[in-house]
Amino acid sequence: MAGMSSKRLQKELAKIQGTLPPGISLVSADNLREWQMDLTVPDNPIYPPNEPYRLRFQFSPNYPIEAPECVFLALPNPERKVPIHPHIYSNGIICLDLLDAQGWSPVHNVESICISLQSMLASNTKAERPPGDAEFVATNRRRPRDINFLYHDPSV
């Protein structure tokens, strides 16, 4: 399986080193296990258009059969904040069915995840964290892929 994962990631990396949609950029991909991307959000006053958000992708040897682990990072230099959204915890963990085993499909890729997250942020109308954010961040010890979120809020 690792051979398939490496081939797929090399192909994706070659594509994203070329052209990406506006507001999405590759920051680093020093290996085939972890990549970082920046994205900006157009046309939403909640998110300043010149404030990029950093995403970290971690790939298992089972990618693309298994979704990558994808989280927003808070960094001091260059400053990157975790965007405020009802489905994004303050520690950067994202509640999105696309990143869950049930919602993932191998037809998705890093670019499609970035586009989905950019769209999710662009359509957001609530500058708030998920309910129970502080408790979740303080007590959660699981990796994002091991969390079973309930996807039941179509209003966000």
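Data block above holds the structure.
The following refers to the structure shown. Going along each chain's sequence as written, the residues are numbered from 1 onward. Under the rules for a predicted model, residues below a pLDDT of 70 receive no local features and side-chain atom pairs below 80 are neither given nor counted, while totals for whole chains, interfaces and linings still include all residues. The basis for every side-chain value is the complete set of heavy atoms in the structure, and neither hydrogens nor water enter the calculation.

**What about helix 2 (residues 110-122)?**
(1) Moving on: Along its 13 residues, helix 2 runs 18 Å from first to last C-alpha, staying within 8% of the 18 Å computed at 1.5 Å per residue.
(2) Moving on: Residues of helix 2 that are buried include every one of V110, E111, S112, I113, C114, L117, Q118, M120 and L121, and no others.
(3) Moving on: As used in this structure description, the phrase polar contact means that two N or O atoms lie within 3.5 Å; if the pair is within protein, one of them must be able to donate a hydrogen and the other to accept it, and residues adjacent in sequence are counted only when both atoms belong to side chains. Under the scheme used here, helices are H or I runs from DSSP no shorter than 4 residues and strands are E runs no shorter than 2 residues, and both carry numbers assigned from the N terminus. With a side-chain oxygen positioned 3.0 Å from the backbone nitrogen of E111, the residue opening helix 2 is N109. Expected span of a helix: the number of residues minus one, times 1.5 Å. Per-residue accessibility, obtained with a 1.4 Å probe over protein chains only, is compared with the maximum for each type, and a residue is labelled buried under 20%, exposed over 50%, and partly exposed between these values.

**What about the sheet that holds strand 4 (residues 69-73)?**
Hydrogen bonds between backbone atoms are what pair the strands of a sheet, whose relative direction is either parallel or antiparallel.
(1) Moving on: The pairing criterion for strands is at least two bridges between them, as found by DSSP. Pairing within the open sheet is antiparallel, and its four strands lie in the order 1-2-3-4. Taken across any chain shown, the strands that pair with only one partner, and hence form the sheet edges, are strand 1 (24-28) and strand 4. Each neighbouring strand pair of the sheet contributes to a mean axis angle of 30°, computed without reference to strand direction.
(2) Moving on: Where strand 1 lies against strand 2 (residues 34-39), four bridges are found, and the strand directions are antiparallel. The residue of strand 2 that forms the bridge with I24 is L39.
(3) Moving on: Contacts between residues were defined by any pair of non-hydrogen atoms, one from each residue, lying within 4.5 Å. In this analysis, axes come from line fits to C-alpha atoms, helices being fitted only over the stretch in contact, and the angle between any two N-to-C directions falls in the range 0 to 180 degrees. Packed onto the sheet, helix 2 meets strand 1, strand 2, strand 3 (53-58) and strand 4 and runs at close to 35° relative to strand 2.

**Some details on the packing of aromatic side chains**
(1) Moving on: Any pair of Phe, Tyr and Trp rings, taking the six-membered ring for Trp, is counted once the centres come within 6.5 Å. Such a pair is stacked with planes under 30 degrees apart, edge-to-face with planes over 60 apart, and tilted for the rest. Within this structure, the stated rule accounts for six aromatic pairs.
(2) Moving on: Geometrically, the ring pair formed by Y89 and F136 is tilted, given 4.1 Å between the ring centres and 35° between the ring planes. In this pair, Y89 is assigned in the loop between strand 6 (79-80) and helix 2 and F136 in helix 3 (residues 133-139), connecting sequence segments 47 residues apart. Assigned by exposure class, Y89 and F136 land together as buried.
(3) Moving on: Ring-pair connections join several aromatic residues into one group, and the members of that group are W35, F57, F59, Y63 and W104.

**Re the nonpolar core**
(1) Moving on: Within this scheme, the nonpolar core is defined by two criteria: the residues are buried Ala, Val, Leu, Ile, Met, Phe, Trp, Tyr or Cys, and they are joined through side-chain atoms within 4.5 Å. W35, M37, L55, F57, F72, I94 and L117 are the most contacted members of the largest nonpolar core, which totals 32 residues.
(2) Moving on: Those elements giving two or more residues to this core turn out to be helix 1 (2-16), strand 2, strand 3, strand 4 and helix 2.
(3) Moving on: Per element, the largest residue contribution to this core is six residues, and it comes from helix 2.
(4) Moving on: With near-sequence residues (within four places) excluded, F57 lies in contact with R33, E34, W35, M37, P68, E69, C70, V110, I113 and C114.
(5) Moving on: Formed by six residues, the second largest nonpolar core is a distinct cluster that contains V71, Y89, I93 and I147.

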